[in-house]
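Inside the fold
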Amino acid sequence: MGMGNFDEREFERREKKLSEIELDSEEQPTEYQGQITFDTEDTTEALLDRLKEMKSKDD
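What to know about the overall build of the protein
Tallying secondary structure elements over the protein gives two helices and zero strands in all. Burial analysis of the protein (59 residues in total) assigns 2% to the buried set. Here the protein has roughly 6,600 Å² of accessible surface; of this, 50% comes from carbon and sulfur atoms.

Structure follows, in structure tokens:
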């Protein structure tokens, strides 16, 4: 058995496994339901300034 045969069968096995996981997607919620709250003493303007600062570091 050549190495190529193994690779092809392994690829097919993994693809099949992934498709089974995708079919079982009911276990994973498609939508988050809940509430998030933040306790901070910062003003909205201060938080927005910090967000702008963080975004500019990504560029």
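Quick look at a nonpolar patch on the surface
Taken together, the side chains of Tyr32, Ile36 and Phe38 make up a nonpolar region of the molecular surface, amounting to roughly 440 Å² of accessible area. As for its placement among the helices and strands, phenylalanine 38 is situated in the loop between α1 (3-23) and α2 (44-58). Given the relative accessible area of 69%, phenylalanine 38 is considered exposed.

Section: the pattern of salt bridges
Within the structure shown, the criterion is met by two salt bridges. With its nearest N and O atoms 2.8 Å apart, the salt bridge here joins glutamate 10 to arginine 14. Taken together, the residues glutamate 10 and arginine 14, both in helix α1 and four residues apart, mark about one turn of the helix. Glutamate 10 sits in the buried class, given a relative accessible area of 18%. One network of salt bridges, with partners in common, ties together Glu10, Arg13 and Arg14.

The rules behind these values
Residues numbered from 1 in each chain as written. Predicted model: local features only at pLDDT ≥ 70, side-chain atom pairs only at ≥ 80, totals over all residues. Heavy atoms only, no water. Helix = DSSP H or I, 4+ residues; strand = E, 2+ residues; numbered from the N terminus. Buried < 20%, exposed > 50% of the residue type's maximum accessible area, 1.4 Å probe, protein only. Areas by Shrake-Rupley, 256 points an atom, 1.4 Å probe, with all protein chains shown as cover. Patch = residues over 30% accessible without salt bridge, like charges linked within 9 Å, V, L, I, M, F, W, Y side chains within 5 Å. Salt bridge = Lys/Arg side-chain N within 4 Å of Asp/Glu carboxyl O.

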